[in-house]
Amino acid sequence: MEAFVSLASGLAVAIQPMNLLFALIGVLLGTAVGVLPGIGPALTVALLLPITFKLDPAGSIIMFAGIYYGGMYGGSTTAILINTPGESASMATALEGNLMAKSGRGGPALATAAIGSFVAGTFATFGLALLAPYLVDIAVSFGPEDYFALMCVAFVTVSATFGDSPVRGLTSLFIGLALGLVGIDILSGQSRLSFGVPELYDNIEVTTLAVGLFAVGEALYVASRRHHHEEKLEPVRGSLWMTKEDWKRSWKPWLRGTAYGFPIGALPAGGAEIPTFLSYATEKKLTKHPEDFGRGAIEGVAGPEAANNASAAGTLVPLLTLGLPTSATAAMMLAGFQQYGLNPGPLLFAEKPDLVWGLIASLFIANAMLLVLNLPLVGLWVRLLAIPQPWLYAGILVFATMGTIAANPSPVELIMLTAFGVLGFLMRRFDFPIAPVVVGLILGPVAESQLRRALSISLGDPMVLLQSPISATLLAIALIALMAPFVLKGLGRFKAVED
Amino acid sequence: MSQIRKSLWRGALAVAAVAGFVTSAAAQMDLKIMAPAAPGGGWDQTARSMQQALTQSGIAKGVQVANVPGAGGSIGIAQLVNNSKGDGNQLMVMGYVMVGALLTNKSPVTLEQTTPIARLTAEYEAIVVPASSPIKSVKELAEAIKADPAKVTWAGGSAGGVDHIAAALFAKAAGADPTKINYIPFSGGGEALAAILGGKVTAGISGYGEFESQIKAGKLRLLGLSSPANKATADLPSIKAQGVDLEIANWRAVVAPPGISADQKKALTDAMDKMAKSKEWQDILKAKGWEDSYMSGDAFAKVLNEEVARTKDVLTAVGLVKS
């Protein structure tokens, strides 16, 4: 109850005209940078910090929160329309979202993403307001062995992104795992597979890989096919808005996506990628329209988008309650707090309640603003697809290159982008799924370093993986998820023989 | 597309407008400061704070900050040494972490090739344990580590960084074999802090600022700081005063490219001397909680050489650098 009173007083802070203006600037800036691949909310907040130094703390922190939420929205727009995920968390959205856009259903895809983000953001912000103090105790009790077990669950479920052939899917996954080894090994400090190229010491950037494989690869593929037959894109087929059927198929994925995104986002090493993939896999399993997956299924957009935004609110749980920054953007927001002499942590809620609750309240406002901004734009965005293909893809190439060098101005980064583009083209040409490569790059290094940390702490005793109740439960879930399809198949065969 | 462009422009204009506002007119030199890291980290914040102090106090006319991220600064320093030779308006922010990174990365470019200008700030390392830990003092931790170094697990920042080096030096000072320490590197400060709060490790070691709010909230117990014994207070005890000879600071400094003339070196040093005394810089130090450890000229060059030698010894001892 107390939380509601505090939230109400927070709203009073957030709806002051100046703070509303800061929230608006924040969401606009955030959407703009979320759209550009490579330039994320973290970089934007970093560049704004010295400028906002003179502003009032509440206003600038509210603006940073707007940038954070806005970045999440912007990333999904380009993922859906031009298959260029602005950040790694939008990758799962690109899978089905872009297929929808290509078959003239870009409007409903953007709408379900925007509304799903709003729904998830709202529920998750409530979660932040009400559950933060309880959730954080659980989050901190997650040790390296538990993260490793969570990664095992993620590895088993991402097979949903494999397409029809497990062999091809696994091949792609292993390419990703191998790429994940490149760079300085966090535990030993030694470099692996970087061949003395200093630019490779810092590991392969996920967005460079994703943009190379998805956007550049597709541009090359379209160019190579042009002489065979020209694929006509229809920007709008059927309704521009979500039909009744679309709503019916979207609302459950929104809620399930929120249920994945918020708690995993609240884990100190959770991140936004894992819940989006878990959500994608769940929706693919649960859908009543399995035939649509691979052709543009609305569930595959609704779920991951909700998970993405809910995890953004989840990240604020450890930031506000413990002062733990668990994402690059959260780290920058922490720096923002510190420049006003505020230390997020157990005491912040008690010492500066108006600031914390003002921030939480402004998250609601930023969320509503983003919905109002984005829904009317859907019609306009979709017209992008009416651009003739050669121009559209040339534009995508310029855009992808620009984003990549803006984030990391180095020729090596561009060579990597091109090489991944060619890889993406070849994989598409020979029918290998590309999503598992990126999944491997994201999950591989995390799984490896957490396992090695767990074993270092236990002095090499592997039983540590089973002694933690969280880890044991998660490993059991992974095992069941892995075995279930085979067991069910076997039972089916057994029954068939009996008949 | 026009919408994206529009909102991007709007953002760019807003940034430019505010940035233009802070630049004052009266001035002498145009400076370029390279932060050999991505925006947001400590080196970047130092570079941008210098920009703020130098322009607002009128010491410099214009200051450009450029980020050259990668490999703990190895890419930035290579660019400074190879492309900016003799450029008297160029500075690069660096710090103790770069000393170790250049050694572990086997960088072909070394700090001896640069022109040291001044040390700016320092932060002491803090050793903490969870509030529920049976270990109550530096002495007890030292005894535990002497009994079996592998059983004392440390959480801190990246391998070969200042946290790792401090942990190894602590073990050595406690009379244990530093090659046997069980140091577990975490990528961000947040992740290490979570492992310490969750009681997954024996002790945590990192800059004091990382732990400050948890210590004040009573969730972590501060055993000591790696500060000189005479700087200790009741709230901020020093490790050295408790009988373990460990003194180390994570400092940040600026260096200039090789091949600059004596006049150019003097101009840069003077500008830094003035900045360090300015009210603007002092205000920033206070706001950010950075300790002033200003030192310029030959004194700094000497300290830098000593730190390189000591770091090489430690990293060789823990096996990160093969001699």
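Residues numbered from 1 in each chain as written. Chains lettered and ligands numbered in written order. Predicted model: local features only at pLDDT ≥ 70, side-chain atom pairs only at ≥ 80, totals over all residues. Heavy atoms only, no water.

**Looking at the pairing of strand β6 (residues 182-185) of chain B**
Residues and elements named next belong to chain B. This is how it is decided: Relative accessible area decides the class of each residue, using a 1.4 Å probe on protein chains only: under 20% of the type maximum gives buried, over 50% gives exposed, and in between gives partly exposed. Helix and strand assignments come from DSSP, with helices taken as H or I runs of at least 4 residues and strands as E runs of at least 2, each series counted from the N terminus. In this description, strands pair whenever DSSP reports at least two bridges between them. We call a crossover right-handed when, viewed with both strands directed away from the observer, the connection leading from the first strand over the helix to the second proceeds clockwise.
Burial along β6 is two-sided: Asn-182 and Ile-184 facing one way and Tyr-183 and Pro-185 facing the other are all buried. Where strand β5 (residues 153-156) lies against β6, four bridges are found, and the strand directions are parallel. Residue pairing across strands places Trp-154 opposite Tyr-183, the latter belonging to β6. Remark: the β5/helix α6 (residues 162-173)/β6 crossover connection has right-handed handedness.

**Some thoughts on the side chain of Glu273(A)**
Just so we agree on the cut-off: Residue contacts are defined here by distance: any two heavy atoms, one from each residue, within 4.5 Å place the two residues in contact.
With respect to the helices, strands and loops of the structure, Glu273(A) is situated in helix α11 (residues 273-286). Ignoring sequence-local partners within four residues, the contact set of Glu273(A) consists of Ser88(A), Ala89(A) and Ile442(A).

**Focus: the interface of chain A and chain B**
Size of an interface: often given as the accessible area lost when the parts come together. Worth spelling out the cut-off: The term buried area denotes the loss of accessible surface (1.4 Å probe radius) that occurs when two parts are joined, taken as the sum for both partners. Should a side-chain nitrogen of Lys or Arg be within 4 Å of a carboxyl oxygen of Asp or Glu, the pair is scored as a salt bridge. We define a polar contact as two N or O atoms separated by no more than 3.5 Å, with the added condition that, inside protein, one atom must be a possible hydrogen donor and the other a possible acceptor, whereas residues neighbouring each other in sequence contribute only through side-chain atom pairs.
With 57 residues of chain A at the interface, the matching set in chain B holds 49 residues. Roughly 4300 Å² of surface becomes buried between chain A and chain B when both sides are summed, with 68% attributable to carbon and sulfur atoms. Broken down residue by residue, the surface that chain A buries against chain B is led by Ile51(A), Arg453(A) and Ile457(A), which jointly contribute 11%. The tally of links between chain A and chain B comes to zero salt bridges. One can count four residue pairs in polar contact (both at pLDDT 80 or more) joining chain A with chain B.

**Looking at a nonpolar patch on the surface**
What counts, and what does not: Two joining distances apply to patches: 9 Å for like charges and 5 Å for nonpolar side chains (Val, Leu, Ile, Met, Phe, Trp, Tyr), and every residue must have over 30% relative accessible area and no salt bridge. Methods summary: accessible areas were calculated by the Shrake-Rupley approach with a probe of 1.4 Å, and residue burial reflects only the protein chains presented.
Together, Leu479(A), Leu482(A), Met483(A), Val487(A), Leu488(A) and Leu491(A) give the surface a local cluster of nonpolar side chains, amounting to about 580 Å² of exposed area. Here Leu491(A) is to be found in helix α20 (residues 469-498).

**A look at the packing of aromatic side chains**
To be explicit about the condition: Ring geometry is summarised as follows: Phe, Tyr and Trp rings, the Trp one being its six-membered ring, pair when their centres sit within 6.5 Å, and such pairs are stacked at plane angles under 30 degrees, edge-to-face over 60 and tilted between the two. Sitting over a ring, as applied to charges here, requires NZ of Lys or CZ of Arg to be within 6 Å of the ring centre and within 35 degrees of the ring normal.
Applying the stated criterion to the full structure yields eight aromatic pairs over all chains. Relative to Trp254(A), the ring of Trp247(A) has its centre 5.7 Å away and its plane inclined at 85°; by these criteria the two rings are edge-to-face. A relative accessible area of 40% places Trp247(A) in the partly exposed class. Each residue in the set Tyr96(B), Trp251(B) and Phe300(B) is aromatic and connected to the rest through ring pairs, giving one cluster. Above the plane of the ring of Trp290(B) lies Arg252(B), whose end atom (NZ or CZ) is 5.2 Å from the centre.

**Considering the environment of Asp146(A)**
Residue and element names in this part refer to chain A. Along the chain, Asp-146 falls in helix α7 (residues 144-157). By relative accessible area, Asp-146 is classed as buried at 1%. Placed 324 residues apart in sequence, Asp-146 and Ile-470 show a C-alpha to C-alpha distance of 6.0 Å. Separated by 2.5 Å, the side chains of Asp-146 and Ser-468 make a polar contact. In terms of polar contacts, Asp-146 uses its side chain to reach the backbone amide nitrogen of Ser-471, at 3.1 Å.

**Overview of the pattern of salt bridges**
Enumeration over the complete set of coordinates arrives at 22 salt bridges over all chains. Where Asp177(B) meets Lys180(B), a salt bridge forms, and the shortest distance between an N and an O atom there is 3.4 Å. A salt bridge links Asp270(B) to Lys266(B); the nearest nitrogen and oxygen atoms lie 3.0 Å apart. Note that Asp270(B) and Lys266(B) are positioned in helix α9 (residues 262-277) at a spacing of four residues, about one turn of the helix. For Asp270(B), a relative accessible area of 30% gives the class partly exposed. What makes Lys266(B) exposed here is its relative accessible area of 51%. One salt-bridge network, in which partners are shared between bridges, spans Asp185(A), Arg192(A), Glu448(A) and Arg452(A).

**Quick word on the packing of helix α2 (residues 42-56) of chain B against α9(B)**
Residue and element names in this part refer to chain B. Stated precisely, the cut-off is as follows: Axis geometry follows a simple rule: fit a line to the C-alpha atoms, using only the stretch in contact for helices, then measure angles between N-to-C directions, giving values from 0 to 180 degrees. Any angle from 65 to 115 degrees is called roughly perpendicular, while one under 35 is roughly parallel, one over 145 is roughly antiparallel, and all others are oblique. Throughout this entry, Asp, Glu, Lys and Arg are counted as charged residues, while Ala, Val, Leu, Ile, Met, Phe, Trp, Tyr, Cys and Pro are counted as nonpolar. The remaining residues, Gly among them, count as polar.
Where α2 meets α9, the axes come as close as 10 Å, and the angle between the chain directions of the two elements is 90°. Looking at the two axes, α2 sits roughly perpendicular to α9. Together, Met-50, Ala-53 and Leu-54 of α2 and Ala-271, Met-272 and Met-275 of α9 make up the contact between the two elements. Per-class residue counts for the contact of α2 with α9 are six nonpolar, no polar and no charged.

**A look at a positive patch on the surface**
All names here are of chain A. To be explicit about the condition: Residues scored as charged are limited to Lys and Arg (positive) and Asp and Glu (negative), so that His and the chain ends carry no count. In this description, the location of a charge corresponds to atom NZ of lysine, CZ of arginine, CG of aspartate or CD of glutamate.
The grouping of Lys-244, Lys-248, Lys-252 and Lys-288 at the surface amounts to a positive patch. Relative to the helices and strands, Lys-248 is located in helix α10 (residues 244-266). Classification of Lys-248 by relative accessible area gives exposed; the value is 62%.

**A short note on the environment of Ser311(A)**
All names here are of chain A. Along the chain, the position of Ser-311 falls in helix α12 (residues 299-322). Relative accessible area serves as the criterion here: at 2%, Ser-311 is assigned to the buried category. Separated by 222 residues in the primary sequence, Ser-311 and Ala-89 place their C-alpha atoms 9.8 Å from one another.

**Here we look at unusual backbone geometry**
Unusually for a residue other than glycine, Leu193(A) sits at a positive phi of about 50°. Residue position: Leu193(A) is located in the loop between β2 (191-192) and α9 (206-225). Its identity is not glycine, yet Lys106(B) carries a phi of approximately 50°, on the positive side. Its location among the elements puts Lys106(B) in the loop between α4 (96-104) and β4 (115-130). Judged by relative accessible area, which is 65%, Lys106(B) ranks as exposed.

**What to know about the pairing of strand β3 (residues 90-95) of chain B**
Burial analysis of β3(B) places six of its six residues in the buried class, the great majority of the element. In β3(B), alternate side chains face the same way, and those of Gln90(B), Met92(B) and Met94(B) on one face and Leu91(B), Val93(B) and Gly95(B) on the other are all buried.

**Some words on α6(B)**
Spelled out, the test is: One less than the number of residues in a helix, times 1.5 Å, gives the span that helix is expected to have.
With 12 residues, α6(B) should cover 16 Å at 1.5 Å per step; its first-to-last C-alpha distance of 16 Å lies within 8% of that length. In terms of burial, α6(B) is largely enclosed, as 10 of its 12 residues are buried.

**So, the packing of α10(A) against α12(A)**
All names here are of chain A. Test applied: Helix crossings get a hand from a simple test, with the near helix turned counterclockwise from the far one by less than a right angle marking a left-handed crossing and a clockwise turn marking a right-handed one.
Where α10 meets α12, the axes come as close as 6 Å, and the angle between the chain directions of the two elements is 30°. With respect to α12, the element α10 is oriented roughly parallel. Along this stretch, α10 crosses α12, giving a crossing that reads as right-handed. Along the contact surface, α10 presents Arg-249, Ser-250, Pro-253, Trp-254, Gly-257, Thr-258, Gly-261, Phe-262, Gly-265 and Ala-266, while α12 presents Glu-299, Ala-302, Gly-303, Ala-306, Ala-307, Ala-310, Ser-311, Ala-313, Gly-314, Thr-315, Val-317 and Pro-318. Among the residues making up the contact of α10 with α12, the classes are represented as 11 nonpolar, nine polar and two charged.

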